[in-house]
Amino acid sequence: MSIDISGAKILFELPLGITITETQVNSWIVMIVITLVCIWLTRGLKVRPESKRQVVAEYIVKTVKKLVSDNMSERFGFFAPFIGAALSLSALSSLSGLLTMFPPTADLNTTLGWSLVVFVIITYYKIKTDGMWNYLKGYTKPVFILTPINIIGEIATPLSMAFRHFGNIVSGVVVSALIYSALAAASGVLYGALGLSGTFISDIMVLQIGLPAIFSIYFDVFSGCLQAFIFSMLTMVYVKMGAGVED
């Protein structure tokens, strides 16, 4: 298997130079899992909850709606499905690393794609609020000479969102791998000090047992969920600002 510049393995190479990477396959797996969970939670809904599944489903919906209304106002209540999808997709993509899968969020292509979608939405609301002419005119303020800087600042929005999310996830993957390798080397040193080098026991990397899981709790669970929350919060804030909504 070859490696893509994104860091994900290329699993299949199709005609016309089309490649299928771990990122694409794992992203589809995550989306299928989310879809199946949603179908399971919302199956057989009643006016009054009669099952724990419906209670959980209603709790999730109410929580996401409250998150959107608190940060974007009631006007953007229809954004709840989008924010809920972004949260779940980002979090589960990062948590897939716990199953030894390549996290899609550790691929810059993924986070950049999400950020570009958000950027298009932000631009849409800016144009809808101020009109095309005022939107373009805004790049020349406060003085025309600052137009290039204003354009760069606008482009920096999706780039900063993409690199922030990608950087935090991929750094966790790299650090976890380095810790795992360091513990293997430390195990070898320990066996050498005990005079057990070359024995069958030395094949067991004793220091790798348990410790990597502790670090994984932070890098894969806490950091992954935190970055999903931050990405969603930035989306809501930028869209709100683009629409000119006051607090």
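Before reading further, recall that the structure is shown in the block above.
Here the structure is a predicted model, which is why all the values come from computation and not from measurement. (Residues numbered from 1 in each chain as written. Predicted model: local features only at pLDDT ≥ 70, side-chain atom pairs only at ≥ 80, totals over all residues. Heavy atoms only, no water.)

> Whenever I open this one, the overall build of the chain confuses me. Can you help?
Along the backbone of the chain there are 7 helices and 3 strands. Tracing the chain from N to C terminus, the helices and strands come up as β-β-β-α-α-α-α-α-α-α. Per-residue burial for the chain yields a buried fraction of 33% across its 247 residues. Residue pairs in contact within the chain that sit at least 24 positions apart in sequence constitute 60% of those at least 6 positions apart. (Helix = DSSP H or I, 4+ residues; strand = E, 2+ residues; numbered from the N terminus. Buried < 20%, exposed > 50% of the residue type's maximum accessible area, 1.4 Å probe, protein only. Contact = heavy atoms within 4.5 Å.)

> What is the right way to look at the pattern of salt bridges in this model?
Any two side chains of opposite charge can pair, given that their charged atoms come close. Applying the stated criterion across every chain, the model contains 2 salt bridges. The closest approach of N and O atoms between Lys 126 and Glu 154, which form a salt bridge, is 2.8 Å. On the criterion of sequence distance, the pair formed by Lys 126 in helix α4 (residues 108-130) and Glu 154 in helix α6 (residues 147-193) is long-range, its members being 28 residues apart. Relative accessible area serves as the criterion here: at 22%, Lys 126 is assigned to the partly exposed category. Take Glu 154: its relative accessible area is 13%, and that puts it in the buried class. (Salt bridge = Lys/Arg side-chain N within 4 Å of Asp/Glu carboxyl O.)

> Which parts of the structure should I look at to understand a nonpolar patch on the surface?
A cluster of nonpolar side chains, namely Trp 28, Met 31, Ile 32, Leu 36 and Ile 39, defines an oily patch on the protein surface of about 530 Å² accessible area. Inspection of the secondary structure assignment puts Met 31 in helix α1 (residues 22-41). (Patch = residues over 30% accessible without salt bridge, like charges linked within 9 Å, V, L, I, M, F, W, Y side chains within 5 Å. Areas by Shrake-Rupley, 256 points an atom, 1.4 Å probe, with all protein chains shown as cover.)

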